[in-house]
Amino acid sequence: MRKLFFSLFLLPVLASAQPFRLADLSATDVSCAGSLDGALQIGLIQGVPPASFQWTRLPNTPSGSGTLNSSTPVAAIDDLPPGAYRVTVTDATGHDTLLFAIIGEPFPLSGTLEVQSDYNQYAVSCADGADGLAKANIQGGTPYYVYHWSGGQENDPVADSLPSGLIELTVTDSRGCSIVLNAALDAPPPLQSTVEA
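Calculation rules
- Residue indices begin from 1 for each chain and proceed along its sequence in written order.
- Thresholds applied to this predicted model are a pLDDT of at least 70 for local features of residues and 80 or more for the giving and counting of side-chain atom pairs; totals over whole chains, interfaces and linings are not thresholded and use all residues.
- Excluded from the side-chain calculations are hydrogens and water; all other atoms, namely the structure's heavy atoms, are used.
- Helix numbering and strand numbering both begin at the N terminus, where a helix is a DSSP run of H or I of at least 4 residues and a strand a DSSP run of E of at least 2.
- Polar contact is the term for a pair of N or O atoms within 3.5 Å; when the atoms are in protein, one must be able to donate a hydrogen and the other to accept it, and sequence-neighboring residues count only if both atoms are side-chain atoms.
- The criterion used for residue contact is that any of the two residues' heavy atoms lie within 4.5 Å.
- By nonpolar core we mean a set of buried residues, namely Ala, Val, Leu, Ile, Met, Phe, Trp, Tyr and Cys, connected to one another through side-chain atoms within 4.5 Å.
- Relative accessible area decides the class of each residue, using a 1.4 Å probe on protein chains only: under 20% of the type maximum gives buried, over 50% gives exposed, and in between gives partly exposed.
- A strand pair is defined by DSSP finding two or more bridges across the two strands.
- Any Phe, Tyr or Trp ring, taking Trp's six-membered ring, that has another such ring centre within 6.5 Å forms a pair; planes under 30 degrees apart are called stacked, those over 60 apart edge-to-face, and the others tilted.

Chemist: How would you summarise unusual backbone geometry if you had to cite specific residues and measurements?
Modeler: The step from Pro49 to Pro50 runs through a cis peptide bond, and the omega angle for that step is 0°. The topology assignment puts Pro50 in the loop between strand S2 (38-44) and strand S3 (51-57). The residue after Leu58, namely Pro59, is reached through a cis peptide bond having omega 10°. With respect to the secondary-structure elements, Pro59 resides in the loop between S3 and strand S4 (63-68). Phi angles above zero are rare outside glycine, and Asn120 is one such case at about 55°.

Chemist: I'd like a description of the side chain of Ser31, backed by residues and values.
Modeler: With respect to the helices, strands and loops of the structure, Ser31 is situated in the loop between strand S1 (23-28) and S2. Within the structure, Ser31 has its side chain in polar contact with the side chain of Asp37 (distance 2.5 Å). Once residues lying within four places of it in the same chain are set aside, the contact partners of Ser31 are Asp37, Pro106, Arg175 and Cys177.

Chemist: Quick one: what's the story with the nonpolar core, residue by residue and with numbers?
Modeler: With 21 residues, the main nonpolar core has Leu113, Ile138, Tyr147, Trp149, Ile167, Leu169 and Val171 as its most contacted residues. Top element by residues in this core is strand S13 (residues 178-185). It accounts for 4 residues. Grouped together as the second largest cluster of nonpolar side chains are 20 residues, Leu40, Ala51, Phe53 and Trp55 included.

Chemist: Hey, could you go over the pairing of strand S9 (residues 132-139) for me, with residue numbers and the actual values?
Modeler: Burial along S9 is one-sided: the face carrying Gly132, Ala134, Ala136 and Ile138 is buried and the face carrying Leu133, Lys135, Asn137 and Gln139 is not. Strand direction decides the pairing type here: strand S8 (residues 110-115) and S9, joined by 6 bridges, are antiparallel. Looking at the pairing, Leu113 lines up with Ala136 of S9.

Chemist: Tell me about the packing of aromatic side chains, and name the residues and values.
Modeler: In this structure the tally under the stated criterion is 1 aromatic pair. Geometrically, the ring pair formed by Trp55 and Tyr85 is tilted, given 6.2 Å between the ring centres and 40° between the ring planes. With a gap of 30 residues between them, Trp55 in strand S3 and Tyr85 in strand S6 (residues 83-90) connect regions that are remote in the sequence. Accessibility assignment for this pair places Trp55 and Tyr85 in one class, buried.

Given below as structure tokens:
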């Protein structure tokens, strides 16, 4: 009986020890390297509205301020560059909280276009041939990648049956970031025929 009394007495003490959360902060990463489309979302959780907030990208720019109230307890700040952000929220009773978030940035989308066919040091076997082969090597961005070759081939890092001349490849990652790669396929000169009189 004594053990049960102790447990019932301790339960409200433990429940009241839950941390007070005045506000919450979340971040959305930029879509591509160098983009300015990151975002912060500030929400009033247990604070008393109206609440004011000040935000800044460390060390000092850009920065701004705003208000959270009963009708709009969540504020979104858009078009932000990547980096570390500090937000201070102060509610109507004077309670304040300091929040931090990081807007991330993917690695730059990059790559090379490699001609892999070799016919005696030519990429195509003959002047009017169409047997060239090229392969894309892609890094960075956000996989997966979509491939669009100038000859019409799709969704494959390797293109075959290519004629001589300039080829172009557009690569787009899962966030819509894209790069354009080019390569030239050479061919031997046309065969010459001579007729002796």
